[in-house]
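Working through the structure, step by step
Next come the chains, spelled out residue by residue.
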Amino acid sequence: MSAFIQEHGLLFGWLTVIGQIMLFTIVLLLSLAFLLLMDRKVWAAVMMRKGPNVVGPFGLLQSFADFGKFLLKEIIIPAGANKTVFLLAPILSLTLAFAAWAVIPVAPGWVVSDLNVGILYLFAVSSLGVYGIIMGGWASNSKYPFLGSLRSAAQMVSYEVSIGFIIITVILLVGSMNLSDIVSNQSSGFWSWHVFSFNHVLLFPVMLVMFVMFFVSALAETNRPPFDLPEAESELVAGYQVEYSSTPYLLFMIGEYLNIVLMCAMMTILFLGGWHGPIPLGEDFVANFPLWVVNLGHLAWFMAKVVFFFFLFALVKAVVPRYRYDQLMRLGWKIFLPTSLAAVLIVSGYVVYMGVQA
Amino acid sequence: MELIAFYILAAIVTVSAVCVIAAKNPVHSVLWLILTFFTSAGLMVLIGAEFLAMLLVVVYVGAVAVLFLFVVMMLDVDFVELKQGFLSYLPFGALVGLAFIAEIALATFARGADADSFNPYPGAENNAEAIGQVMYTDYLLLFQLSGLILLVAMIGAIVLTLRHKPHVKRQNIAHQTARRRKDAIRRIDVKSGEGL
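Owing to the predicted nature of the structure, the values given are computational and were not obtained by experimental measurement.

**Digging into unusual backbone geometry**
All names here are of chain A. Geometrically, the link from Pro225 to Pro226 is a cis peptide bond, its omega value of 0 degrees lying close to zero. Phi is positive for Asn223, which is not a glycine, with a value near 55 degrees. Mapped onto the secondary structure, Asn223 falls in the loop between α9 (204-221) and α10 (233-236). Taking the relative accessible area as the measure of exposure, Asn223 reaches 4% and is therefore buried. Despite not being glycine, Ser246 has its phi angle at roughly 55 degrees, a positive value. Structurally, Ser246 is set in helix α11 (residues 246-271). Note on Ser246: relative accessible area 4%, which makes it buried.

This is the structure in structure tokens:
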């Protein structure tokens, strides 16, 4: 058997990777169906409505019904549209949204690719997401989508800057760009999580502010309310996706929501200790259980934190009114950029003079 | 395995680079350019420069090319006019291209083409560290000078374009946020039948 594996090692490795990718994709899509429902339910609850409650018990199957509806409708391509780019845009947006998940570690060692520069890869891939939107808006050959995509591109590029600086503060504290390293730096209970960072008490106010800023920037980066100006329906009908229908629209929407969940996962990993519970159980206690049980427990913590952030995203959508575009740009460039830059200075000074890393 | 990956990526880079200049629609040109950038990042990963590859994607694909696309999309391009004068520019273009190839060849032959010779710090743990050593320790002064030059260029661009027209209504954020309820709302008891 081992000889067989050695002989076919390459093939075996490929099959494992493909299996992992399939597993990630299926689990993500399934959980996305219920997260979408949760988004609508939370939104409804704030407005004292019931939300979707017809398809399945408590409306649990609503997303699947919507899915079927999207697939069965006719794909309409506008006559003046640039057909190739028009269809390429949603595909690109979905592919990139999935590609980013390749480096997300959900439990110790449970990751498709444990990249050395994982956080940089995430940043790169999420900064590519803007292309789906620009291409879709331009290829539609129509004014509203074009304006929406221009707004969206400017917004995403602006907030990437502050997100980048905030990520740098975390990298400085950890001393590594590997996502698993970043998580294991926060392994000793909730006081070591980067939100609080009580083991570097002087940095507590800085990192707390960074965490809040990351959350707000994540809202802007994913075009969520209160920063959903690219699709402001009172001004632009529905922004860059006006001309899209049926499956291409579905791809755009899944991509958008996957990016939101990705941002939740990033916040979990960077600031909230990833897969670690708030109080460490102690190695002696953990050693009583088989490894896969322990890992499932870690996975449960990870998912609970991601769902918590998704709940916050949904709540913000329901509670906060939309920003004006000049206010959005002002917040990004004049407030977030200087603050995060100052935080990078403070944290790097602390790291150098207190000798956090070797 | 690596060789196969190299040839696939190299083929895509070459084809898309040719398409950049061959595409009739300028927006398509920029999209091909983005594919070229992205694939060359893949090539960099192959020689083990993953940090540089990610930076290429973040900076060039994620930011610079977006602005490119922005500008090109908003240009009002006349396709017929664009094609004129191709032949008169051809010799000059060929000259620039030749000079470029000569420079790359010179650099490659001078240093030797194996991947190790491109590693500036063989002792460094990873490439982020190696680049950090070179940029922020060995050549700190040059790095800061180039930053200063960019700052001057940026200030210059702002000074050239910034002008305040007298009769344009502007948003004064401090004024807006300082506004309180009592400045904006008055309560009036309206007697019935009289109106305001």
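What follows continues from the structure just given.
**Focus on the nonpolar core**
Among the nonpolar cores identified, the biggest contains 121 residues, and Ile119, Tyr131, Phe214 and Phe271 of chain A are the most heavily contacted of them. Element by element, the count of residues in this core is highest for α11 of chain A, at 17 residues. Not counting the four nearest positions on each side in its chain, Tyr131 of chain A is found in contact with Leu92 of chain A together with Ile34, Val61, Ala65, Val66 and Leu69 of chain B.

**Examining the packing of aromatic side chains**
Taken as a whole, this structure holds 18 aromatic pairs over all chains when the rule is applied. An angle of 65 degrees between the planes, with centres 5.8 Å apart, marks the rings of Phe34 of chain A and Phe64 of chain A as edge-to-face. Taken as a pair, Phe34 of chain A in helix α2 (residues 9-46) and Phe64 of chain A in helix α3 (residues 62-72) lie far apart in primary sequence, 30 residues in all. Under the relative-accessibility criterion, Phe34 of chain A is labelled partly exposed at 37%. Given a relative accessible area of 37%, Phe64 of chain A falls into the partly exposed group. Between the aromatic rings of Tyr136 of chain B and Phe143 of chain B, the centroid separation amounts to 4.8 Å while the plane-to-plane angle is 80 degrees, which identifies the pairing as edge-to-face. On the accessibility criterion, Phe143 of chain B (30% relative accessible area) is partly exposed.

**Some words on helix α6 (residues 130-139) of chain A**
Working note: α-helix, 3.6 residues per turn, so residues spaced by three or four point in the same direction. Taking burial as the measure, the 10 residues of α6 of chain A include 10 buried ones, the bulk of the element. Within α6 of chain A the residues assigned to the buried category are Val130, Tyr131, Gly132, Ile133, Ile134, Met135, Gly136, Gly137, Trp138 and Ala139 of chain A. Looking at the buried positions of α6 of chain A, the neighbouring elements they touch are α4 (83-100), α5 (118-128), α7 (143-174) and α11 of chain A together with α2 (26-46) and α3 (50-74) of chain B. One or two residues past the end of α6 of chain A sits Asn141 of chain A, with phi positive at roughly 55 degrees.

**Comments concerning a nonpolar patch on the surface**
A grouping of Trp14, Ile18, Met22, Ile26, Leu30, Phe34, Phe58, Leu60, Leu61 and Phe64 of chain A together with Met1 of chain B is seen on the molecular surface, where their side chains present a nonpolar patch of about 1,100 Å² in accessible area. No other element matches the 6 residues that α2 of chain A contributes to the nonpolar patch. Within the secondary structure, Leu60 of chain A sits in the loop between α2 and α3.

**Looking at the side chain of Gln241 of chain A**
Residue position: Gln241 of chain A is located in the loop between α10 and α11. Judged by relative accessible area, which is 10%, Gln241 of chain A ranks as buried.

**Describing the interface of chain A and chain B**
Many structure descriptions define interface size as the accessible area lost when the parts assemble. Contacts between the two partners involve 28 residues from chain A, matched on the other side by 25 residues from chain B. Secondary-structure elements contributing two or more residues to the side of chain A that touches chain B are α2, α5, α6, α7 and α14 (325-354) of chain A. Here the side of chain A that touches chain B is built from residues that sort into 20 nonpolar, 4 polar and 4 charged.

**Digging into the UniProt feature "transmembrane region" (unreviewed entry) in chain B**
Residue and element names in this part refer to chain B. UniProt annotation of "transmembrane region" (unreviewed entry) refers to residues 6-23, 30-49, 55-75, 87-110 and 139-162 when read in the numbering used here. Secondary structure across residues 87-110 divides into 100% helix and 0% strand, with the first and last C-alpha atoms of the span separated by 35 Å. End C-alpha to end C-alpha, residues 139-162 measures 35 Å, and it is 92% helix and 0% strand.

**Thoughts on the pattern of salt bridges**
Residue and element names in this part refer to chain A. Overall, the coordinates contain 5 salt bridges over all chains when judged by the stated rule. In this structure, the salt-bridge partner of Asp39 is Arg224, at a minimum N-O distance of 3.1 Å. Placement of Asp39 in helix α2 and of Arg224 in the loop between α9 and α10 is noted, with a sequence separation of 185 residues between them. When salt bridges that share partners are traced, they join Asp39, Arg224 and Lys317 into one network.

Parameters and conventions
- Residues numbered from 1 in each chain as written.
- Chains lettered and ligands numbered in written order.
- Predicted model: local features only at pLDDT ≥ 70, side-chain atom pairs only at ≥ 80, totals over all residues.
- Heavy atoms only, no water.
- Helix = DSSP H or I, 4+ residues; strand = E, 2+ residues; numbered from the N terminus.
- Buried < 20%, exposed > 50% of the residue type's maximum accessible area, 1.4 Å probe, protein only.
- Core = buried A, V, L, I, M, F, W, Y, C linked by side-chain atoms within 4.5 Å.
- Contact = heavy atoms within 4.5 Å.
- Phe/Tyr/Trp six-rings, centres within 6.5 Å; stacked < 30°, edge-to-face > 60°.
- Patch = residues over 30% accessible without salt bridge, like charges linked within 9 Å, V, L, I, M, F, W, Y side chains within 5 Å.
- Areas by Shrake-Rupley, 256 points an atom, 1.4 Å probe, with all protein chains shown as cover.
- Salt bridge = Lys/Arg side-chain N within 4 Å of Asp/Glu carboxyl O.
- Nonpolar A, V, L, I, M, F, W, Y, C, P; charged D, E, K, R; others polar.
- UniProt positions renumbered as here; feature names shortened; annotations may be inferred.

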